[in-house]
Amino acid sequence: MSEPKPFAISKQAVWEAWLRVRANQGAAGVDGESIAEFEGNLKGNLYKLWNRLSSGSYMPPPVRAVEIPKRAGSGVRTLGVPTVADRIAQTVVRLYLEPGVEPMFHPDSYGYRPGRSALDAVGACRVRCWQRDWVIDLDIRSFFASVDHDLMLKAVARHTDLRWVLLYVERWLKAPLLRGGGALEARDRGTPEGSAISPLLANLFLHYAFDAWMAREYPGVGFERYCDDAVVHCASERHARVVLDVIAQRLADCLGTTV
């Protein structure tokens, strides 16, 4: 008789995670394994992944760094490409964590959420622009590279009593980036943009750093946020400048970055 696993992770959740990863497709990670190659030994690969997740022995491999140019020639954006197995593992954690955090997210958070889109954010913004003459257009500089790991883990811990969820989120946050040429880059901040778990973690972090804080400190100020971009509506130029300064300080305190 086999020993019980330390963590009770559903095999069905691993299967559901696989279906989502397969539907999304995506490039190979550091191991070079494609989705089609992973599927070639699907039963064995999924069982091995479930076994390691359930035993607490799963260690994420490095994330392959891919640089893509930003719009209007404003530098490059670094995406992190996990392996297929790692994307499945991250999706498993997302399946367990998301139902507990999604209902409490702010109604004007639109990025990477079920049933919401950038067009929804634009529609809400158009309505508010008729009500307020001034806007603050925010783009958080290097957000995905700046997330404070301790604050991120504190936010996750508020919404789950599953030790393995917190364990694996911490491992993913700390997984190194593999740069071109084979150089490994250790990380003590940030969460790679492009991974399966990062959109949920980004929304959770910014819920506390921005959304809930705005609702508490400036309940009469409307805004729309799409991940690390936001539009804030103000009644006058003076009001907008005051709010901008306070937001900048808040984000500097939480991220050590600017807008």
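This report concerns the structure included in the present document. In this text the structure is predicted, and so the values were computed from the model without any measurement.

1. Some details on unusual backbone geometry
With the exception of glycine, the majority of residues adopt a negative phi angle, and the majority of peptide bonds are in the trans configuration.
Consideration 1: One non-glycine residue with positive phi stands out, namely Tyr112, at about 55°.
Consideration 2: Tracing the backbone through its elements, the reader meets Tyr112 in the loop between helix 4 (84-101) and helix 5 (118-129).
Consideration 3: Positioned with a positive phi, Ser142 is a non-glycine residue whose angle comes to about 50°.
Consideration 4: Within the fold, Ser142 resides in the loop between strand 3 (134-139) and helix 6 (143-146).
Consideration 5: Residue Ser142 is classed as partly exposed on the basis of its relative accessible area, which comes to 43%.

2. Things to note about the packing of helix 1 (residues 11-24) against helix 3 (residues 42-55)
When two helices pack together, their arrangement is given by the angle between the helix axes and the distance between those axes.
Consideration 1: Following both chains from N to C, one finds helix 1 and helix 3 inclined at 125°, their axes separated by 10 Å at the closest point. Judged by the inter-axis angle, helix 1 sits oblique to helix 3. Crossing geometry of helix 1 relative to helix 3 is assigned as right-handed. Contacts between helix 1 and helix 3 involve Lys11, Val14, Trp15 and Trp18 from the first element and Leu42, Leu46, Tyr47 and Trp50 from the second.

3. Structural notes on the packing of aromatic side chains
Consideration 1: Applying the stated criterion across every chain yields a total of 10 aromatic pairs.
Consideration 2: Ring centres of Phe143 and Phe144 lie 5.2 Å apart, and the angle between their planes is 75°; this geometry places the pair in the edge-to-face category. The same class applies to Phe143 as to Phe144, namely buried.
Consideration 3: Following the ring pairs from residue to residue traces out a cluster consisting of Tyr58, Tyr168 and Trp172.
Consideration 4: Here the guanidinium or amino end of Lys11 rests over the ring plane of Trp50, the centre of that ring lying 4.6 Å away.
Consideration 5: One residue, Arg116, lies across the ring of Tyr110, its end atom 5.3 Å from the ring centre.

4. Brief notes about helix 7 (residues 149-157)
Consideration 1: Of all the residues in helix 7, the buried ones are His149, Met152, Leu153, Ala155 and Val156. All buried residues of helix 7 fall inside an arc of 155° around its axis, so they share one side. Summarising the geometry of helix 7, the exposed residues directed more than 90 degrees from the buried face are Asp150 and Lys154.
Consideration 2: Buried-residue contacts for helix 7 involve helix 4, helix 8 (163-174) and helix 9 (198-217).

5. Remarks on the nonpolar core
Consideration 1: Counting 62 residues, the largest nonpolar core has Ile88, Phe143, Met152, Phe205, Met214, Val232 and Ile247 as its most contacted members.
Consideration 2: The biggest single contributor to this core is helix 9, with 10 residues.
Consideration 3: Leaving out residues up to four positions away in the same chain, Met152 has contacts with Val147, Leu173, Leu201, Leu204 and Phe205.

6. Points about the sheet that holds strand 3
Adjacent strands of a sheet form backbone hydrogen bonds with each other and so pair up, either parallel or antiparallel.
Consideration 1: Pairing in this open sheet of three strands is antiparallel, and the strands run 3-7-6 from one edge to the other. Sheet topology places strand 3 and strand 6 (223-226) at the edges, where each strand pairs with a single neighbour. In this sheet, adjacent strand axes meet at a mean angle of 10° when their direction is disregarded.
Consideration 2: Relative to the sheet, helix 9 contacts strand 3, strand 6 and strand 7 (229-234), its axis offset from that of strand 6 by approximately 170°.
Consideration 3: The strands touched by helix 10 (residues 237-255) within the sheet are strand 3 and strand 7, with strand 3 carrying the most contacts at an inclination of about 25°.

7. Let's talk about the sheet that holds strand 2 (residues 76-81)
Consideration 1: Reading across from one edge, 2-1-4-5 is the order of the four strands in this open sheet, with mixed pairing throughout. The sheet is open, and its two borders are formed by strand 2 and strand 5 (184-185), each paired with just one other strand.
Consideration 2: Looking at chain direction, strand 1 (residues 63-69) and strand 4 (residues 177-178) are connected through two bridges and run parallel. The residue of strand 4 that forms the bridge with Val63 is Leu177.

8. Regarding the environment of Phe143
Consideration 1: Structurally, Phe143 can be placed in helix 6.
Consideration 2: We classify Phe143 as buried; its relative accessible area is 1%.
Consideration 3: Spatially, the C-alpha atom of Phe143 lies 9.8 Å from that of Leu251, the residues being 108 residues apart in sequence.
Consideration 4: Beyond its immediate sequence surroundings of up to four residues, Phe143 is in contact with Ala202, Phe205, Leu206, Asp228 and Leu255.

9. Quick word on the state of the cysteines
Consideration 1: Counted by the stated rule, this structure contains zero disulfides.
Consideration 2: Cys254 provides the cysteine sulfur closest to Cys227, a residue in no disulfide bond, and the two sulfurs are 15 Å apart.
Consideration 3: In this structure Cys234 is not part of a disulfide, and its nearest cysteine sulfur, from Cys129, lies 11 Å away.
Consideration 4: Given the relative accessible area of 0%, Cys234 is considered buried.

Cut-offs and rules
- Residues numbered from 1 in each chain as written.
- Predicted model: local features only at pLDDT ≥ 70, side-chain atom pairs only at ≥ 80, totals over all residues.
- Heavy atoms only, no water.
- Helix = DSSP H or I, 4+ residues; strand = E, 2+ residues; numbered from the N terminus.
- Buried < 20%, exposed > 50% of the residue type's maximum accessible area, 1.4 Å probe, protein only.
- Axes fitted to C-alpha atoms, helices over the stretch in contact; angles between N-to-C directions.
- Parallel < 35°, antiparallel > 145°, perpendicular 65-115°, else oblique.
- Left-handed = near helix turned anticlockwise from the far one by under 90°.
- Contact = heavy atoms within 4.5 Å.
- Phe/Tyr/Trp six-rings, centres within 6.5 Å; stacked < 30°, edge-to-face > 60°.
- Lys NZ or Arg CZ within 6 Å of the ring centre and 35° of its normal.
- Arc of directions from axis to C-beta.
- Core = buried A, V, L, I, M, F, W, Y, C linked by side-chain atoms within 4.5 Å.
- Pairing = 2+ DSSP bridges.
- Disulfide = S-S within 2.5 Å.

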